[in-house]
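These are the residues of each chain, in order.
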Amino acid sequence: MDDNFTLKWNRSNESVPNVTFSADYQMSEMNNWIQLPGCQYVADTECTFSFLKLNVLDEITLRIRAERGNSTSAWYIVDSFIPFLKAQIGPPEVHLEAEDKAVKINISPPGKQMWSMDRSRFIYSVVIWENSARTEERTETVYPRDMIYKLSPETTYCLKVRAELPLQKKVGVYSAVHCVNTTAENKLPPPENIEVDAANQNYVLKWDYAFANVTFQAQWLYGYLKQFPEDHSNKWKQIPGCVHVRTTQCVFPQRAFPDRVYFLRVQASDGNSTSLWSEEKEFRSEAQTVILPPVLNVKTTSHALHAYVGASREPVDLHRPLIYEIRFWENASSAESRILQEQTDFTFPNLKPLTVYCFKARAHLLGEKWNQSSDFSDVVCEKTKPGATSRTWLVAGICVLVVSVPVAVYIVKGLLRCLNYVFFPSPKPPSSIDEYFSEQPLKNLLLSPSEERTERCFIIEDVRSMTVLEEAKGTGGDLRAYHSPTLLLLGEPPAETQHPLSRGLPTSVSLCRKRIATVFGGISRPFPAIADGEAGPGVPL
Amino acid sequence: MINRCILQIALLLCFSTTALSMSYNSLQIQLWHGSLTCAKLLLQLNGTTEDCLNERINFKVPKEIKEPQQLQKEDTTLVIFEMLNNIFDIFRKNFSSTGWNETLVENLLGETHLQIHHLKSKINKKVTLESIRMNLRLKSYYWRIMDYLETKQYSNCAWKIVQLEIFRNFSFIIMLIDYL
């Protein structure tokens with residue numbers, strides 16, 4: 001229990017007299033055994049020792065042996081243990097001071113060494129009852145120096161207290177029962193129902209009081225001081241602006257109380273006497289700052305609408321997160337929807353396509369007690385893009401177009417070719433002619449009109465006038481008539497380069513004739529032969 | 001080309017998950033602000049100057065603080081709670097030899113107490129054997145610090161060493177907040 005441990009053992013042989021026992025201990029990192037004070041040469045079968053000066057969080061091993069005279073038994077080693085884990089919380093010390101409707105309680109934590117690290121962590125549980133009526137018990141959790149309120153004056157109350165360490169799963173033993181008589185009722189009651197509100201940059205402390213013509217004063221205390229069993233009655237300080245006030249409220253600046261936990265109390269005074277202090281009210285200060293409306297940006301993508309909110313300027317060191325709210329509506333209607341979230345990126349997926357939507361945003365600061373909101377930002381309107389289904393149609397349409405265009409081009413080309421063939425035939429003979437005309441010179445003549453060679457025909461009609469006729473250069477059969485009294489004939493000069501005059505007339509004439517037959521088309525139509533010698537005066541062609 | 005696309009998508013996913021995880025809840029934000037304020041207050045504690053490098057000692061920070069990856073979320077809350085309570089207890093001790101500004105220390109205590117106040121409601125009341133043992137390891141670490149202070153009779157140098165160690169503690173707490 002607490003710092004004191006009791007070691008008990010059994011004797012193996014009860015009848016042997018003059019046997020004493022001694023115990024040693026060893027801490028976890030030690031190599032030698034140290035004598036356990038208070039457990040040397042004990043005649044009893046138990047001894048008590050304390051853990052002062054030792055680290056109670058460290059593992060300890062004990063050993064014990066019996067002695068008689070000079071002979072000793074073997075050491076019996078006890079299983080090692082950690083004192084802190086094994087210890088039980090003992091009863092705390094309690095002092096009471098009675099008021100008329102409250103009792104001031106003063107608890108001293110149990111243990112010196114064992115609980116030295118947890119002294120401020122104890123949770124004290126008080127059971128209080130009226131001495132006369134035991135059935136009406138009340139259990140309360142109190143600070144080490146606290147008040148128990150809501151009691152009746154001039155009554156005897158009894159209570160018992162125990163200390164607990166919930167995180168170690170330890171529940172202590174109840175203290176002894178202490179009783180106290182409450183005093184007679186005071187003339188001036190203390191103020192009641194203390195409340196704190198925030199307004200602008202100030203806090204407003206309000207309370208209720210039944211009587212008039214009194215002044216009040218308010219005090220504050222650092223919240224953490226309540227954790228300690230030490231006396232803090234001299235640590236209460238005056239709240240600025242709340243001394244000798246006549247109204248049941250007072251105002252003090254938020255600047256004076258940075259965000260912490262405090263306790264507040266109020267006292268009334270009528271000049272002659274002062275009331276007792278009111279109930280101590282725990283006050284968690286939350287500085288209010290001006291929140292500017294956020295900056296709103298709206299962007300449309302093909303699938304949805306995105307909105308981004310940003311702080312218009314760097315906010316003051318806020319210990320609380322900002323929540324953003326966006327309200328939006330269709331431009332035509334007035335039905336508003338809203339989204340609240342902590343992230344600054346908003347997505348609106350299920351909006352109607354090709355519609356104008358309008359947005360406005362504001363920020364909320366949520367605190368433990370008070371919430372603050374900024375004003376709304378400027379309204380931003382955006383038109384949504386075409387919906388996803390029409391988009392797929394669009395994509396499909398584009399694909400169809402991409403495929404159909406070359407197909408159409410191909411078809412049109414084919415048509416044009418047809419038209420060309422029908423209306424603008426090509427002078428080029430079809431390639432099947434090759435089958436029929438295998439002779440090279442003929443082929444040359446047929447298939448290459450552009451290369452029509454100039455043929456010189458020499459017709460000698462009479463010796464007197466000899467005219468050399470020439471065909472115009474080949475442009476596809478363009479015949480030019482030269483003014484000549486003689487017959488216009490075309491033809492290739494014969495292979496012999498001899499002047500036809502030298503060879504005689506009939507040879508040259510027959511050659512020219514051949515040429516005429518071929519040139520004047522009609523492959524199938526022979527030209528009526530011009531009889532030899534029948535060539536009369538020039539036949540115009 | 002496809003590889004490049006996949007790489008870009010993978011990078012985007014990575015960044016988006018880290019971006020998502022960067023959104024803290026209100027407890028984390030409050031703890032973070034509080035720890036920063038406390039660390040700043042610690043740095044402002046300037047007292048009598050003295051060369052104390054010889055007195056450095058390894059307090060053996062427990063693995064729960066140094067390697068919080070293995071902890072569960074409820075355990076992290078417990079760890080931070082225990083750390084803050086012990087830091088609170090340490091600065092209640094007698095520091096008159098240091099010449100520190102008392103108002104600063106009061107502010108430090110008040111700010112630490114506020115964090116404890118926040119955490120109290122979030123503590124999981126379920127206590128396991130493992131959590132008790134973990135609590136014991138944390139307590140031993142702080143016991144070593146307080147024992148050191150007591151052995152050195154709360155001298156200026158001893159407090160300077162402890163001030164440095166507690167500053168380290170707050171940086172550990174800020175790291176632990178990520179695991180909440």
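Residues numbered from 1 in each chain as written. Chains lettered and ligands numbered in written order. Predicted model: local features only at pLDDT ≥ 70, side-chain atom pairs only at ≥ 80, totals over all residues. Heavy atoms only, no water.

## Concerning the overall build of chain A
When helices and strands are tallied, chain A shows six helices and 32 strands. Considering only contacts within chain A whose residues lie at least 6 apart along the sequence, 62% involve residues at least 24 apart. Total accessible area computed for chain A in this model is approximately 31,800 Å², and 54% of it derives from carbon and sulfur atoms. (Helix = DSSP H or I, 4+ residues; strand = E, 2+ residues; numbered from the N terminus. Contact = heavy atoms within 4.5 Å. Areas by Shrake-Rupley, 256 points an atom, 1.4 Å probe, with all protein chains shown as cover.)

## Focus: the overall build of chain B
When helices and strands are tallied, chain B shows seven helices and zero strands. Order of helices (α) and strands (β) in chain B, N terminus to C terminus: α-α-α-α-α-α-α. Out of the 180 residues in chain B, the part that is buried amounts to 48%. Considering only contacts within chain B whose residues lie at least 6 apart along the sequence, 88% involve residues at least 24 apart. (Buried < 20%, exposed > 50% of the residue type's maximum accessible area, 1.4 Å probe, protein only.)

## Quick look at the sheet that holds strand β24 (residues 305-310) of chain A
All names here are of chain A. Strand order in the open sheet formed by three strands is β23-β24-β27, and the pairing between neighbours is antiparallel. Single-partner strands in this sheet number two, and they are β23 (295-300) and β27 (345-348). Here the strands of the sheet are splayed against their neighbours by 20° on average, with no regard to which way each runs. Alignment of β23 against β24, held across six bridges, turns out to be antiparallel. Within the sheet, the bridge partner assigned to threonine 300 lies in β24 and is leucine 305. (Pairing = 2+ DSSP bridges. Axes fitted to C-alpha atoms, helices over the stretch in contact; angles between N-to-C directions.)

## Overview of the interface of chain A and chain B
Counting from both sides, the interface comprises 33 residues of chain A and, opposite them, 36 residues of chain B. The contact between chain A and chain B buries some 3,400 Å² in all, and 57% of this surface belongs to carbon and sulfur atoms. Applying the counting criterion to the chain A and chain B interface returns five salt bridges. When the shortest N-O distance is used, the salt bridge between glutamate 111 of chain B and arginine 260 of chain A registers 3.0 Å. Scanning the region where chain A abuts chain B turns up ten residue pairs in polar contact (both at pLDDT 80 or more). Mapped by element, the contributors of at least two residues to the side of chain A that touches chain B are α1 (83-86) and β22 (281-284) of chain A. A breakdown of the residues in the side of chain A that touches chain B according to their chemical character gives 14 nonpolar, seven polar and twelve charged. (Buried area = accessible area lost by both parts, 1.4 Å probe. Salt bridge = Lys/Arg side-chain N within 4 Å of Asp/Glu carboxyl O. Polar contact = N/O pair within 3.5 Å; in protein donor to acceptor, adjacent residues only side chain to side chain. Nonpolar A, V, L, I, M, F, W, Y, C, P; charged D, E, K, R; others polar.)

## Some words on the nonpolar core
Core analysis: the largest hydrophobic core is formed by 128 residues, its most contacted members being Leu205 of chain A together with Ile90 and Phe91 of chain B. Residues Ile291, Leu305, Phe328 and Leu365 of chain A belong to the second largest nonpolar core, which totals 18 residues. (Core = buried A, V, L, I, M, F, W, Y, C linked by side-chain atoms within 4.5 Å.)

## Remarks on the pairing of strand β18 (residues 215-222) of chain A
Residue and element names in this part refer to chain A. Among the eight residues that make up β18, eight are buried, leaving the element largely enclosed by the rest of the structure. As paired elements, β18 and strand β21 (residues 261-269) share eight bridges and run antiparallel to each other. When the bridges of β21 are listed, glutamine 219 appears paired with arginine 265.

## Side note on the confidence of the model for chain B
The predicted coordinates ought not to be read in detail in places where the model reports low pLDDT. Residues and elements named next belong to chain B. Mean pLDDT for chain B: 83, with 87% of residues reaching 70 or above. By mean pLDDT, the top-scoring element of chain B is helix α5 (residues 102-120) (91), and the lowest-scoring one is helix α1 (residues 2-21) (52). Counting interchain partners and residues more than four positions distant, the pLDDT-below-50 stretch residues 16-21 has zero contacts. Here the predicted complex scores 0.68 on pTM and 0.81 on ipTM. (pLDDT = per-residue confidence, 0-100.)

## Some remarks on helix α4 (residues 73-90) of chain B
Between its first and last C-alpha atoms α4 of chain B spans 26 Å; for 18 residues at 1.5 Å apiece the expected length is 26 Å, and the two agree. Taken across its 18 residues, α4 of chain B has 15 buried, putting it largely inside the fold. (Expected span 1.5 Å × (residues − 1).)

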